Amino acid sequence: MTNMRVQELHVHPVKSVAGTSPDEVAVEPWGLAGDRRWAVIDTEGNVITQRQQPRLALASARPLGSGGVALSAPGLASVVVEPPAPGPLEPVALFGKKIDTVVAHTVGHAWFTEYLGFPARLVHLDDPAVRRPVDPDYALPGETVSLADAYPLLVATLASLDALNALIAQGDHADEGPLPMNRFRPNLVVSGAEAWAEDGWKRVAIGDAVFRGVRECGRCVITTTDQRTGERGKEPLKTLAAHRRIGKSLAFGRMLVPVRLGTVRVGDEVRILD
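Since we're looking at a predicted model, the values are computed, not measured.

Caption draft 1: A look at the overall build of the protein chain. If you tally the helices and strands in the protein chain, you get 4 helices and 19 strands. Over its C-alpha trace the protein chain gives a radius of gyration of 18 Å, about what one expects of a compact globule, namely 19 Å for 274 residues. Taking the principal axes of its C-alpha atoms as reference, the protein chain extends roughly 50 × 40 × 35 Å. Burial status across the protein chain gives 49% buried among its 274 residues. Considering only intrachain contacts with a sequence separation of at least 6, the fraction spanning at least 24 residues in the protein chain is 70%.

Here it is, written out as structure tokens:
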């Protein structure tokens, strides 16, 4: 594993909505700066993702220097939503667990309600340092996470995607491939590695930052969703089930937790420390 580099960086300000691909970004204790600090909820306080609403893939959120987001989607006027002022906490449910958030400005509610076609609200994770601990089965004391599914960052390699696409091409749903990396919504995409090398990464240095490799990333139905159209197929879950079952997970990519903060940039060398 020599000459490994950061090929792409991805920040998704609103959970399950398309994001941006900056050339550089700061690493915070709970993930990349601005990543998954907002979420859409229904009237019962449940976080809405592409699992329930695949057309969220067609909406886009661009992070602003103020911490706000610029929202856009086909056929809908763009809006800017700034971080809400400190106020009462709004508990939301993500995978059955409660997370305290702050309700956003009504312009965000109106925009997502119009886009989805049913009542929805936008919420903001105001203080990720205290709101949500990492899964205690895998966390070190004090580690927290944003509104990402479980861990601060996800890394994937181009070689693993190539290997997966080669397997898909041999299967019953070959016409669905090759799949692009955006199906997996990673934060870090690495070139120059061997296929599936990330499975064994325990400590990784990138730029000024160091990360702890926690576990494989178990994949869900979102990976079967075409991020350009919102349409669903069978892949990659069919192929992952046949070839990439790790415990109960259909695995692609590895979850990371920052242990030293800094800035990561496209082109940075990726060094495996352990």
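The discussion continues.
Caption draft 2: Representation of the environment of D23 in the model. Locating D23 in the fold gives a position in the loop between β1 (5-9) and β2 (24-28). Between the alpha carbons of D23 and R265 there is a distance of 5.7 Å; along the sequence they are 242 residues apart. Ignoring anything within four residues of it in the chain, the contact list for D23 reads L9, V264, R265 and V266.

Caption draft 3: Quick peek at the state of the cysteines. Applying the stated criterion across every chain yields a total of 0 disulfides. Summary of cysteine pairing: C217 is not part of a disulfide, and the nearest cysteine sulfur, belonging to C220, is at 8.2 Å. Judged by relative accessible area, which is 24%, C220 ranks as partly exposed.

Caption draft 4: Structural context of the pattern of salt bridges. Following the criterion strictly, the structure yields 10 salt bridges and no others. Residues E24 and R265 are paired through a salt bridge, measuring 3.3 Å at the closest nitrogen-oxygen approach. In this pair, E24 is assigned in strand β2 and R265 in strand β18 (residues 262-265), connecting sequence segments 241 residues apart. With relative accessibility at 47%, the residue E24 sits in the partly exposed group.

Caption draft 5: Inspection of the sheet that holds strand β4 (residues 38-41) at higher detail. Read across the open sheet, the 5 strands follow the order β5-β4-β11-β10-β9; overall the sheet is antiparallel. Two strands close off the open sheet at either side, each with one partner strand: β5 (47-48) and β9 (89-94). Two strands pair when backbone bridges link them, and β4 and β5 are joined in this way by 2 bridges, in the antiparallel orientation. Counterpart to V40 in the pairing with β5 is I48. Helix-sheet contacts for helix α1 (residues 106-116) involve β4, β5, β10 (97-103) and β11 (121-124), and the interaxial angle to β11 is about 135 degrees.

Caption draft 6: Just helix α3 (residues 158-169), in detail. The end-to-end C-alpha distance of α3 is 16 Å, a good match for the 16 Å that 12 residues give at a rise of 1.5 Å each. Of the residues making up α3, those classed as buried are S160, L161, L164, N165 and I168. Looking straight down α3, one finds that the buried residues subtend no more than 135 degrees of arc, so they occupy a single side. Opposite its buried face, α3 presents the exposed residues D162 and A169, each directed more than 90 degrees away. Where the residues of α3 are buried, they touch β12 (153-157), α4 (237-243) and β17 (249-260).

Caption draft 7: Expanded view of the layout of surface pockets. For the largest pocket, the calculated volume is near 900 Å³. Lining the largest pocket are 36 residues, with F95, R132, A148, D149 and A150 positioned closest to its centre. Only β10, β12 and β15 (209-218) provide two or more residues apiece to the lining of the largest pocket. It is β15 that contributes the most residues to the lining of the largest pocket, 4 residues altogether.

Caption draft 8: Quick look at the sheet that holds strand β7 (residues 69-73). What the 3 strands build is an open sheet, ordered β6-β7-β8; its pairing is antiparallel. Unpaired on one side and paired on the other, β6 (60-63) and β8 (76-81) mark the two borders of the sheet. Taking the axes of each pair of neighbouring strands and ignoring which way they run, one obtains an average angle of 15 degrees across the sheet. Pairing geometry for β6 and β7, over 4 bridges, is antiparallel. Across the sheet, the residue bridging to R62 is A70, located in β7.

Caption draft 9: Representation of the environment of E44. Take E44: it is sitting in the loop between β4 and β5. Between the alpha carbons of E44 and A93 there is a distance of 8.8 Å; along the sequence they are 49 residues apart.

Each value, and the rule that gives it
Residues numbered from 1 in each chain as written. Predicted model: local features only at pLDDT ≥ 70, side-chain atom pairs only at ≥ 80, totals over all residues. Heavy atoms only, no water. Helix = DSSP H or I, 4+ residues; strand = E, 2+ residues; numbered from the N terminus. Rg over C-alpha atoms; globule rule 2.2 N^0.38 Å. Buried < 20%, exposed > 50% of the residue type's maximum accessible area, 1.4 Å probe, protein only. Contact = heavy atoms within 4.5 Å. Disulfide = S-S within 2.5 Å. Salt bridge = Lys/Arg side-chain N within 4 Å of Asp/Glu carboxyl O. Pairing = 2+ DSSP bridges. Axes fitted to C-alpha atoms, helices over the stretch in contact; angles between N-to-C directions. Expected span 1.5 Å × (residues − 1). Arc of directions from axis to C-beta. 1 Å grid on protein atoms, 1.4 Å probe; cavity = no way out; pocket = protein on both sides within 12 Å on 5 of 7 lines; lining within 4 Å. Points joined across faces, edges and corners; volume = space filled by probe spheres on them.

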